[in-house]
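Take a look at the letters that make up each chain.
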Amino acid sequence: MKKRIVVLSLLVGALSMGGFALLSSPGFASDAAVSGAPMPGPMGPRAEMGHGRRFALMASLLGLSAEQQTKIKAVWVGHRKQVLPLIKELRTNERQLRSLAATTPFDEGAVHALELKQAELRTRLLADRVETRKQVDAILTPSQQQMAKTLRELMREGRGGHFRRMDFGPKRGGPQG
């Protein structure tokens, strides 16, 4: 019994030290997260870091000028301001749907009405995304537009906006993908 307690306490200690080492490693958290400053965006600093890296990679691959980068960032800021309230409303509706699903008796009419509202919000988000893409494409040169189209298709293949299929490294799941 004492042996188990000693092994368990050593295991807990090792795991906590590993966690502490991970948290204190450079690049794990942004300066804003460490300083306690407000997090940018609804998804926290890690999402922002991902968007920044993705934009830098796209800018490099497309050969964007500084002026083009500034214009595109301004378009994206406008897009974000438009869609954040819609995203928050979607999340609120999803919580309401979960609570409605758990109620007894089940109110099919209320669920149906909320699902219609969700479909409308998703349609508005898609329309805004298409409009934003058109605005960005208007900033790009024709050759950059073609390259952006190709990159979007490759990202769609790899799903989720990741560059897994662009030979930037091994694919997940082994050699077969």
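See the structure shown above.
Residues numbered from 1 in each chain as written. Predicted model: local features only at pLDDT ≥ 70, side-chain atom pairs only at ≥ 80, totals over all residues. Heavy atoms only, no water.

(A) Focus on the packing of aromatic side chains. Scanning the model with the defined rule gives one aromatic pair in all. Seen from their ring centres, F55 and W76 are 5.2 Å apart, and the 75 degrees between their planes marks the pair as edge-to-face. Of this pair, F55 sits in helix α3 (residues 45-62) while W76 sits in helix α4 (residues 66-102), and the two are 21 residues apart along the sequence. A relative accessible area of 38% places W76 in the partly exposed class. (Phe/Tyr/Trp six-rings, centres within 6.5 Å; stacked < 30°, edge-to-face > 60°. Helix = DSSP H or I, 4+ residues; strand = E, 2+ residues; numbered from the N terminus. Buried < 20%, exposed > 50% of the residue type's maximum accessible area, 1.4 Å probe, protein only.)

(B) Broad picture of the side chain of Q68. By secondary structure assignment, the location of Q68 is in helix α4. Given a relative accessible area of 11%, Q68 falls into the buried group. Those residues in contact with Q68, other than ones at most four positions away along the chain, are G63, I139, L140, T141 and Q144. (Contact = heavy atoms within 4.5 Å.)

(C) Here's a closer look at the nonpolar core. L62, L64, I72, V136 and L140 are the most contacted members of the largest nonpolar core, which has 13 residues in total. Elements that contribute at least two residues to this core include exactly α3, α4, α5 (108-139) and α6 (142-158). Per-element accounting of this core gives the leading share, four residues, to α3. Not counting chain neighbours up to four residues away, the residues in contact with L64 comprise F55, A59, Q69, I72, L140 and Q144. (Core = buried A, V, L, I, M, F, W, Y, C linked by side-chain atoms within 4.5 Å.)

(D) Seen up close, the pattern of salt bridges. According to the stated counting rule, one finds five salt bridges in the structure shown. Here E67 makes a salt bridge to K71, at a shortest N to O gap of 3.1 Å. Taken together, the residues span about one helical turn, with E67 and K71 both in helix α4 at a distance of four residues. Residue classification places E67 among the exposed positions, given a relative accessible area of 53%. Under the relative-accessibility criterion, K71 is labelled partly exposed at 43%. For E120, the salt bridge is made with R124, and the minimal N-O distance between the two is 3.9 Å. Taken together, the positions of E120 and R124, both in helix α5 and four residues apart, correspond to about one turn of that helix. A single salt-bridge network, built from bridges that share partners, covers E89, K117, E120 and R124. (Salt bridge = Lys/Arg side-chain N within 4 Å of Asp/Glu carboxyl O.)

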